[in-house]
Amino acid sequence: QGVKVELPKTKVSASLAKPGTKAVTISERGDIFLDAYPVSLDALGDRIEQLKGANPTLPIVVKGDGKAHYGKVMAVLEILKSHDITDIGLVTVRA
């Protein structure tokens, strides 16, 4: 789901698949995508609000490229938190 990025590697990687899950991806260049669609930080907040209206318990997974700027990942997490998204997973791949 979404855009292909080089995910960070961890020793343990749990499945984050849930029905209705949306993926927010941050590319190595810092581009942000909601599923496969590019969005700005402002547009991401607006879109999350719309999706949450249809699903108050909206699950989101964040896929940050291993080389993405950490500040951009934190900005995305801050937007999700500001919209009361509590079901957030961080995607990695098993090392």
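Worth saying up front: this structure is predicted, and the values here are computed from it rather than measured. (Residues numbered from 1 in each chain as written. Predicted model: local features only at pLDDT ≥ 70, side-chain atom pairs only at ≥ 80, totals over all residues. Heavy atoms only, no water.)

(A) Spotlight on the nonpolar core. Core analysis: the biggest nonpolar cluster contains 18 residues, and Leu-44, Ile-60 and Leu-80 have the highest contact counts within it. Within the residue set of this core, elements represented by two or more residues are strand S2 (22–26), strand S3 (32–34), helix H1 (41–54), strand S5 (60–64) and helix H2 (70–82). Of all the elements, H2 adds the most residues to this core, at five residues. Setting aside residues no more than four positions away along its own chain, Ile-60 makes contact with Thr-21, Lys-22, Val-24, Ile-48, Leu-80, Ile-85, Asp-87, Ile-88 and Gly-89. (Core = buried A, V, L, I, M, F, W, Y, C linked by side-chain atoms within 4.5 Å. Buried < 20%, exposed > 50% of the residue type's maximum accessible area, 1.4 Å probe, protein only. Helix = DSSP H or I, 4+ residues; strand = E, 2+ residues; numbered from the N terminus. Contact = heavy atoms within 4.5 Å.)

(B) Geometry of the sheet that holds S3. Reading across from one edge, S4-S3-S2-S5-S6 is the order of the five strands in this open sheet, with mixed pairing throughout. With partners counted over all chains shown, the strands left at the sheet margins are strand S4 (37–39) and strand S6 (88–90), one partner each. Each strand axis lies, on average, 25° off the axis of its neighbour in the sheet, ignoring direction. In this sheet, S5 lies alongside S2 in parallel orientation, the contact comprising five bridges. (Pairing = 2+ DSSP bridges. Axes fitted to C-alpha atoms, helices over the stretch in contact; angles between N-to-C directions.)

(C) Representation of H1 in the model. Compared with an ideal rise of 1.5 Å per residue, which puts 14 residues at 20 Å, H1 spans 21 Å between its outermost C-alpha atoms and is within 8% of the ideal. Among all positions in H1, only Leu-44, Gly-45, Ile-48, Leu-51 and Lys-52 are buried. Along H1, the residues classed as buried sweep out an arc of 130° about the axis, all on the same side. Along H1, exposed side chains directed more than 90 degrees from the buried face belong to Asp-42, Asp-46, Gln-50, Gly-53 and Ala-54. Looking at the packing, one finds that the buried side of H1 touches S2, S3, S4, S5 and H2. (Expected span 1.5 Å × (residues − 1). Arc of directions from axis to C-beta.)

So, to be careful, I would describe these as geometric facts and stop short of saying anything about function.
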